[in-house]
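Topology and contacts: notes
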Amino acid sequence: MLLTALRFSHQLLKETVSEGDHVIDATMGNGNDTLFLAGLVGPTGHVYAFDIQEQAVQNTREKLAEYAERSTLFLAGHETIEENIPADQSIQAAIFNLGYLPKSDKQIITLPETTKRAMSAILKRLTVGGRMIVVIYYGHKGGEAEKNEVLHFCQNLPQENFSVLNYQFINQKNNPPILLCVEKRRSYHF
């Protein structure tokens, strides 16, 4: 069976994240990816997670009770990665789920400019062989514009330095999510 975007994103992360790695959940949401990453990095690794909604941070803090020492939760947008994570901190993987927090205010959405700023900050820190996963949910107001800008950003990454995979079910109704996986092939300076 073909994997859903969620299951495929986790498979791609499992293939690259090991105990001791540092990783980013750029859109904390309800904490499911944060918890998944905390399990992968083990007691010697660290997860940095970002969200602008207090409810998201609370939900995630509760889920991560036993992993509190290996995670830092920021009540801040992912565009603050540059200010919150040292430039010399290498990152093995990162994940975004673009759109809005499920079962929440659909007016609070990720935005193309802040998302691109966050992706640039991550790619600067990403180790060679590391992966940045971007799952684009775009069936909401503003979603189509963000989808187009994120696709354009990733399509224009130099192929000598990055491999970019696009995974999507093209015969499904209601804007099926698009999964992008950017793998760093060699160093690149933004």
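Quick note: structure is the one above.
Cut-off values and rules
- Residues numbered from 1 in each chain as written.
- Predicted model: local features only at pLDDT ≥ 70, side-chain atom pairs only at ≥ 80, totals over all residues.
- Heavy atoms only, no water.
- Helix = DSSP H or I, 4+ residues; strand = E, 2+ residues; numbered from the N terminus.
- Rg over C-alpha atoms; globule rule 2.2 N^0.38 Å.
- Buried < 20%, exposed > 50% of the residue type's maximum accessible area, 1.4 Å probe, protein only.
- Phe/Tyr/Trp six-rings, centres within 6.5 Å; stacked < 30°, edge-to-face > 60°.
- Lys NZ or Arg CZ within 6 Å of the ring centre and 35° of its normal.
- Axes fitted to C-alpha atoms, helices over the stretch in contact; angles between N-to-C directions.
- Parallel < 35°, antiparallel > 145°, perpendicular 65-115°, else oblique.
- Left-handed = near helix turned anticlockwise from the far one by under 90°.
- Contact = heavy atoms within 4.5 Å.
- Nonpolar A, V, L, I, M, F, W, Y, C, P; charged D, E, K, R; others polar.
- Expected span 1.5 Å × (residues − 1).
- Pairing = 2+ DSSP bridges.

With respect to the overall build of the chain
Scanning the chain for helices and strands turns up 6 helices and 7 strands. The C-alpha radius of gyration of the chain comes to 15 Å, within 12% of the 16 Å expected for a compact globule of 190 residues. In terms of its C-alpha atoms, the chain occupies a principal-axis envelope of roughly 40 × 40 × 35 Å. Expressed as a percentage of the 190 residues in the chain, the buried residues total 52%.

Considering the packing of aromatic side chains
Scanning the model with the defined rule gives 3 aromatic pairs in all. Judged by centre distance (4.2 Å) and plane angle (35°), the rings of F8 and Y167 are tilted. Here the residue F8 occupies a position in helix α1 (residues 5-16), and Y167 occupies one in strand β6 (residues 162-167), the gap between them amounting to 159 residues. Its relative accessible area of 13% is what places F8 among the buried residues. For the ring pair F50 and F74, a centre distance of 4.6 Å and an interplane angle of 15° mean the geometry is stacked. Of this pair, F50 sits in strand β2 (residues 46-51) while F74 sits in strand β3 (residues 71-75), and the two are 24 residues apart along the sequence. Residue classification places F50 among the buried residues on the basis of a relative accessible area of 0%. Given the relative accessible area of 16%, F74 is considered buried. Through a chain of ring-to-ring contacts, the aromatic side chains of F8, Y167 and F169 assemble into a single cluster. Positioned above the aromatic ring of Y138 is the side chain of K147, whose terminal nitrogen or guanidinium carbon lies 4.7 Å from the ring centre.

Focus on the packing of helix α5 (residues 112-125) against helix α6 (residues 143-155)
Where α5 contacts α6, the two axes come as close as 9 Å, and the packing angle between them is 30°. If you check the angle between α5 and α6, you find them roughly parallel. Regarding α5 and α6, the two cross each other, and that crossing is right-handed. For the pair α5 and α6, contact is made by P112, E113, T115, K116, M119, S120 and L123 and by A145, E146, E149, V150, F153 and C154, respectively. Residues that form the contact of α5 with α6 fall into these classes: 7 nonpolar, 2 polar and 4 charged.

A look at α5
Between the first and last C-alpha of α5 there are 20 Å, a value that for 14 residues agrees with the 20 Å anticipated at 1.5 Å per step. Among all positions in α5, only P112, T114, T115, A118, M119, S120, A121, I122, L123 and R125 are buried.

As for the pairing of strand β4 (residues 91-98)
Most of β4 is tucked away: 7 of the 8 residues are buried. Here 3 bridges tie strand β1 (residues 22-25) to β4, and the two strands are oriented parallel to one another. Across the sheet, V23 pairs through a bridge with A93, a residue of β4. Bridge analysis of β4 against strand β5 (residues 126-136) gives 7 bridges, and the strand direction is parallel. Its bridge partner being in β5, I95 is matched across the sheet by I133.

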